[in-house]
Amino acid sequence: DSDLASVIVALIQVIFTGIAALIMDRAGRKALLIISEPHPDLTWLALASMAIFIAGFAIGWGPIPWLIMSEVIPIRVRGFAGAAVVLSNWGMAFVVTKSFQDMMVGLPWATKPYIPTLFLSYVL
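Residues numbered from 1 in each chain as written. Predicted model: local features only at pLDDT ≥ 70, side-chain atom pairs only at ≥ 80, totals over all residues. Heavy atoms only, no water.

1. Looking at the nonpolar core
Counting seven residues, the largest nonpolar core consists of I12, M50, F53, I54, A55, V96 and F100. Elements represented by at least two residues in this core include exactly α3 (46-59) and α5 (78-106). Ranked by the residues each element gives to this core, the list is headed by α3, at four residues. Among residues more than four places away in sequence, those in contact with I12 are A51, I54 and A55. Of all hydrophobic cores here, the second largest spans six residues; its members include A20, M24, L33 and I59. (Core = buried A, V, L, I, M, F, W, Y, C linked by side-chain atoms within 4.5 Å. Buried < 20%, exposed > 50% of the residue type's maximum accessible area, 1.4 Å probe, protein only. Helix = DSSP H or I, 4+ residues; strand = E, 2+ residues; numbered from the N terminus. Contact = heavy atoms within 4.5 Å.)

2. Thoughts on the confidence of the model for the protein
Across the protein, the average pLDDT comes to 76, with 75% of residues at 70 or higher. Looking at the elements of the protein, mean pLDDT is at its lowest for helix α6 (residues 111-123), recorded as 63, and at its highest for helix α1 (residues 2-27), recorded as 83. (pLDDT = per-residue confidence, 0-100.)

3. Remarks on the UniProt feature "transmembrane region" (unreviewed entry) in the protein
Within the UniProt annotation, "transmembrane region" (unreviewed entry) is assigned to residues 6-24, 44-68 and 80-97. Split by type, residues 6-24 is 100% helix and 0% strand. Its first and last C-alpha atoms lie 26 Å apart. Regarding residues 80-97, the helix share stands at 100% and the strand share at 0%, and the terminal C-alpha atoms are separated by 26 Å. (UniProt positions renumbered as here; feature names shortened; annotations may be inferred.)

So, in structure tokens, the structure goes:
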């Protein structure tokens, strides 16, 4: 049931984002970013892989860049740079979301478009 799967995915994201908010300063940003690395070994098990990806993202790559953005970007360019960061963040989230269905239908060959998406999410 796709409705149940959507609720499970959202619940996982909310829980792990809350955990990240509580442990971010104590655990350290670098440690959380390393923990949140995607695990491509689980692509054959699409739902479990997606759950692990969402949990990792919600702990590290989801909330931490928003915090770092406000600390690193100078005030004089914060508006433009913040817009670029937000655009790339949501753009990559859109690409991952749109490619997931293709992965579900055509595994294992459908993971190939997903790998460049993961690479681009780290580069941008």
